[in-house]
Amino acid sequence: MAPLPQLTPGTIFARDFRVLRHLSAGGMGAVYVVEQVSTQRQRALKIMLPDIVSDARARERFMQEATVSARIRSDHVVEVVGAGVDDATATPWLAMELLEGEELAAIAKRRGALPPADVLEIFRQLCHGLGAAHRAGLVHRDLKPENVFMASARREGVAFTVKVLDFGIAKVVGESRTS
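Everything numeric here is computed off the predicted structure, so don't read it as measured data. (Residues numbered from 1 in each chain as written. Predicted model: local features only at pLDDT ≥ 70, side-chain atom pairs only at ≥ 80, totals over all residues. Heavy atoms only, no water.)

Undergrad: Is there a simple way to think about the overall build of the protein chain in this case?
TA: A count of helical and extended segments in the protein chain gives 3 helices and 11 strands. Walking the protein chain from its N terminus toward its C terminus, one meets helices and strands in the order β-β-β-β-α-β-β-β-α-α-β-β-β-β. Nonlocal contacts in the protein chain, meaning residues at least 24 apart in sequence, comprise 56% of its contacts between residues at least 6 apart. Carbon together with sulfur atoms contributes 52% to the accessible area of the protein chain, which is approximately 10,100 Å² in total. (Helix = DSSP H or I, 4+ residues; strand = E, 2+ residues; numbered from the N terminus. Contact = heavy atoms within 4.5 Å. Areas by Shrake-Rupley, 256 points an atom, 1.4 Å probe, with all protein chains shown as cover.)

Undergrad: Looking at this model, I keep getting lost on the sheet that holds strand E7 (residues 101-103). Mind explaining?
TA: Strand pairing within a sheet occurs via backbone hydrogen bonds; the two strands may be parallel or antiparallel. Spatially, E7-E9-E10 is the arrangement adopted by the 3 strands of the open sheet, whose pairing is antiparallel. The sheet is open, and its two edges are formed by E7 and strand E10 (160-164), each paired on a single side. On average, adjacent strands in this sheet sit at an angle of 20 degrees to one another, irrespective of strand direction. Pairing analysis gives 3 bridges linking E7 to strand E9 (residues 148-152), with the strands arranged antiparallel. Among the inter-strand pairings, Glu 102 is bridged to a residue of E9, identified as Met 150. The sheet strands contacting helix H2 (residues 104-111) are E7 and E9, and the helix crosses E7 at an angle near 85 degrees. Sheet contacts for helix H3 (residues 116-135): E9 and E10; angle to E10, the most-contacted strand, approximately 45 degrees. (Pairing = 2+ DSSP bridges. Axes fitted to C-alpha atoms, helices over the stretch in contact; angles between N-to-C directions.)

Undergrad: Could you clarify how one ought to interpret the sheet that holds strand E5 (residues 80-85) in this entry?
TA: One open sheet accounts for 6 strands, arranged E1-E2-E3-E4-E6-E5; its pairing is antiparallel. The two strands at the open ends of the sheet, each matched to only one other strand, are strand E1 (12-13) and E5. The sheet contact formed by strand E4 (residues 41-48) and strand E6 (residues 92-97) spans 5 bridges and is antiparallel. Pairing of Lys 46 across the sheet is with Leu 94, part of E6.

Undergrad: For this particular structure, what's the right way to read helix H1 (residues 56-71)?
TA: Residues spaced three or four apart along an α-helix point in a common direction, a consequence of the helix completing one turn every 3.6 residues. Taking 1.5 Å of rise per residue, 16 residues should cover 22 Å, and H1 covers 23 Å from first to last C-alpha, within 8% of that figure. When the local axis directions of H1 are compared, the greatest deviation, roughly 25 degrees, occurs at Gln 64. Taken together, the buried positions of H1 are Ala 58, Phe 62, Glu 65, Ala 66, Val 68 and Ser 69. (Expected span 1.5 Å × (residues − 1). Bend = angle between axes of the 7 residues up to and from the residue. Buried < 20%, exposed > 50% of the residue type's maximum accessible area, 1.4 Å probe, protein only.)

Undergrad: I'm lost on H2 in this one. Help?
TA: Regarding H2, the residues found buried are Leu 104, Ala 105 and Ile 107. Along H2, the residues classed as buried sweep out an arc of 165 degrees about the axis, all on the same side. H2 presents Lys 109 and Arg 110 as exposed residues on the side facing more than 90 degrees away from its buried surface. Elements in contact with the buried residues of H2: E7, H3 and E9. Immediately beyond the C-terminal end of H2, within one or two residues, lies Gly 112, with a positive phi of roughly 80 degrees. (Arc of directions from axis to C-beta.)

Undergrad: Can you walk me through the pattern of salt bridges in this structure?
TA: Two side chains bearing opposite charge may form a pair once their charged atoms approach each other closely. Under the criterion given, the structure shown has 7 salt bridges. When the shortest N-O distance is used, the salt bridge between Glu 35 and Arg 18 registers 3.1 Å. Of this pair, Glu 35 sits in strand E3 (residues 29-36) while Arg 18 sits in strand E2 (residues 17-25), placing them 17 residues apart in sequence. Two residues, Asp 118 and Arg 111, come together in a salt bridge whose shortest N-O distance is 3.5 Å. Exposure remark for Asp 118: the relative accessible area of 25% places this residue in the partly exposed category. (Salt bridge = Lys/Arg side-chain N within 4 Å of Asp/Glu carboxyl O.)

Undergrad: For this particular structure, what's the right way to read the nonpolar core?
TA: In summary, soluble globular proteins display a tendency toward joint burial of nonpolar side chains. Counting 30 residues, the largest nonpolar core has Phe 13, Phe 17, Tyr 32, Leu 45, Ile 47, Met 48 and Trp 93 as its most contacted members. Secondary structure elements with two or more residues in this core: E2, E3, E4, H1, E6 and E9. Not counting residues up to four positions away in its chain, the partners in contact with Tyr 32 are Leu 7, Val 19, Arg 21, His 22, Leu 23, Arg 43, Ala 44, Leu 45 and Ile 47. Ranked by size, the runner-up nonpolar core spans 18 residues in total, among them Val 68, Leu 130, Ala 136 and Val 162. (Core = buried A, V, L, I, M, F, W, Y, C linked by side-chain atoms within 4.5 Å.)

Functional significance is not addressed by these values, which are geometric in nature.
Here it is in structure tokens:
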């Protein structure tokens, strides 16, 4: 196994993602803004952190995020558009839609209490996403303001679109039901 690549601007990762810039890092992975070469579309690319790549349980949890998120049919769950393991480095990755906006935690810290109408709309959209997850037999288990993203709206008449992030520790509670 080759060493993990330095994901600096211009680096090609997993043969299809040109790194544009580092976006963030968390407990399991680092997130980069990339251009998907095959589609010429910007994405968010999450890769496992080098110090946990060899941990089988951590790899399973990381890859679970891709598979469980893909099962959920809601505009209020971040869309995973691809996942895999880089051939050159054996590093698990997942590619997601690139969101513009910020985490609810950052907004609350900056603005304080939100207006009741905004809170109502946040909960309405959040419940849609979580309801879709529950219908798919999933429980998020790590819902917090850092995992609620307030994305710029892509449709008219809506100030923002709530996106639930990070299904890495979601619990599968049953077979997917349809309704």
